[in-house]
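# Observations on chain architecture
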Amino acid sequence: MHPIKYRPGILLFLLFVPVASLMISFKSKPQPEKQDNKPKIALTFDDGSINDFGEYKLETWNQRLLDNLSKHQLKAILFSAGANKSTEKGKYVLSSWNNAGHFIANHTMSHVNFNSKNTSLEAFKLELSRNDLIIKKYANYLPYFRFPYLKEGDTKEKVEGFRAFMGQKGYKNGHVSIDASDWYISGRLAKRLQENPKADISGFRDYYKNHLLNRAQYYDSLAHQLTNRRINHVLLLHHNLAASLFLDDLIQHFKANGWEVIDADKAYADKIYNGVSSTIPAGESLIWALAKQSGRFEKVLRYPAEDGEYEKLRMDKLGL
């Protein structure tokens, strides 16, 4: 991730060690960390669930999430999938985020995988266009598009064709610099609470915030090797129960570990998000893709970059 020439073995170490062990010391021209040189991170949320989670009704957990963003005076982006947004609950989710001052962006109509052989370029174009008709009615509509599963195409024709289409439609890529498996943690959390609504969920909270900080530190290290500077990071989260219950803890955890949490639109002002990778299949986080393109990190880049299976064994051992 940075101009601090790490040996590949060290990056592999960073990929798997517990978060408590990830205090990276940059060795090129040692300098004290300046206040304005903190790593910066913005929060974005995918999908837009309309589900109740056991005793947590949609209106309750969604409002709690919004309240925690408000508590920290943060503006986020909801990358909304459109298939469930024509219902009353779907309209409620979009309106509540829009009215709270957050941005609404595009995550396709039906959350299809663009890397699938069954998803054609023309069908994927329609996914953007159909959802655009739903979200552009909102005052805080933002013409950014995030690929489901962060898959940007499995052939050169699809990749280049859709990038050209986004340009024609006035869309920018809603890149992620930090990917993680928050969705997997939330799924296990919801299952636990369904089994026992009074279960102790403190272990899930700790795992959630430590996992996300771990991934942030890894991608920040990789980004630094690639750019020789601090970038404004964009974290991919999901609109789900874990975010609702643990977002305040997560934000405080990042701040306690030296990170500055910023508004999402400000993060995208970083010039790195104008970058385009040449990797095929295309996708994953932007930092992963640029590292892949560089050819310098083949021994430490796993594919897919993030997946619930990487967390399963550890969570099983912890009884989560």
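Residues numbered from 1 in each chain as written. Predicted model: local features only at pLDDT ≥ 70, side-chain atom pairs only at ≥ 80, totals over all residues. Heavy atoms only, no water.

## Concerning the packing of helix H4 (residues 121-135) against helix H5 (residues 156-168)
A pair of packed helices is captured by two measures, namely the crossing angle of their axes and the spacing between those axes. Where H4 contacts H5, the axes come no closer than 10 Å and their chain directions differ by 30°. By the angle between their directions, the pair H4 and H5 is classed as roughly parallel. Note on packing geometry: the crossing formed by H4 with H5 is right-handed. Contacts between H4 and H5 involve Leu121, Phe124, Lys125, Leu128 and Ser129 from the former and Glu157, Lys158, Gly161, Phe162, Phe165 and Met166 from the latter. Looking at the contact of H4 with H5, its residues break down into 6 nonpolar, 2 polar and 3 charged. (Axes fitted to C-alpha atoms, helices over the stretch in contact; angles between N-to-C directions. Helix = DSSP H or I, 4+ residues; strand = E, 2+ residues; numbered from the N terminus. Parallel < 35°, antiparallel > 145°, perpendicular 65-115°, else oblique. Left-handed = near helix turned anticlockwise from the far one by under 90°. Contact = heavy atoms within 4.5 Å. Nonpolar A, V, L, I, M, F, W, Y, C, P; charged D, E, K, R; others polar.)

## Some words on the nonpolar core
Among the nonpolar cores identified, the biggest contains 89 residues, and Leu43, Phe45, Trp97 and Phe162 are the most heavily contacted of them. Considering each element in turn, this core owes the most residues, 10 residues, to helix H7 (residues 202-227). Not counting chain neighbours up to four residues away, the residues in contact with Phe45 comprise Leu65, Leu69, Ala76, Ile77, Leu78, Phe79, Trp97, Leu237, His238, His239, Ala243 and Leu247. (Core = buried A, V, L, I, M, F, W, Y, C linked by side-chain atoms within 4.5 Å. Buried < 20%, exposed > 50% of the residue type's maximum accessible area, 1.4 Å probe, protein only.)

## As for empty space enclosed by the protein
The final tally for this structure, using the stated rule, is 2 cavities of 30 Å³ or more. If you go around the largest cavity, the residues you meet are Arg146, Phe147, Leu150, Glu152, Asn173, Gly174, His175, Val176, Glu284, Ser285 and Leu286. The class makeup of the residues in the lining of the largest cavity is 4 nonpolar, 4 polar and 3 charged. (1 Å grid on protein atoms, 1.4 Å probe; cavity = no way out; pocket = protein on both sides within 12 Å on 5 of 7 lines; lining within 4 Å. Points joined across faces, edges and corners; volume = space filled by probe spheres on them.)

## Overview of unusual backbone geometry
Here the bond from Ile280 into Pro281 is cis, since omega is 0°, no more than 30 degrees from zero. The topology assignment puts Pro281 in the loop between helix H9 (264-267) and strand S9 (282-283). Residue Pro304 follows Tyr303 across a cis peptide bond; omega there is -5°. Residue position: Pro304 is located in the loop between helix H10 (286-294) and helix H11 (309-318). One non-glycine residue, Gln73, lies in the positive phi region at around 55°. Given the relative accessible area of 71%, Gln73 is considered exposed.

## Overview of the confidence of the model for the protein chain
Per-residue confidence for the protein chain averages 91 on the pLDDT scale, and 89% of its residues sit at or above 70. Every residue in residues 1-35 scores below 50 in pLDDT, and together they form 74 contacts with partners more than four places removed in sequence or on other chains. (pLDDT = per-residue confidence, 0-100.)

## A few points about the side chain of Asn232
Tracing the chain through its elements places Asn232 in strand S7 (residues 232-238). Using a relative accessible area of 18% as the deciding quantity, one classes Asn232 as buried. If we ignore the near neighbours within four places in the chain, the residues touching Asn232 are Lys40, Ile262, Lys266, Ala267, Asp270 and Tyr273.

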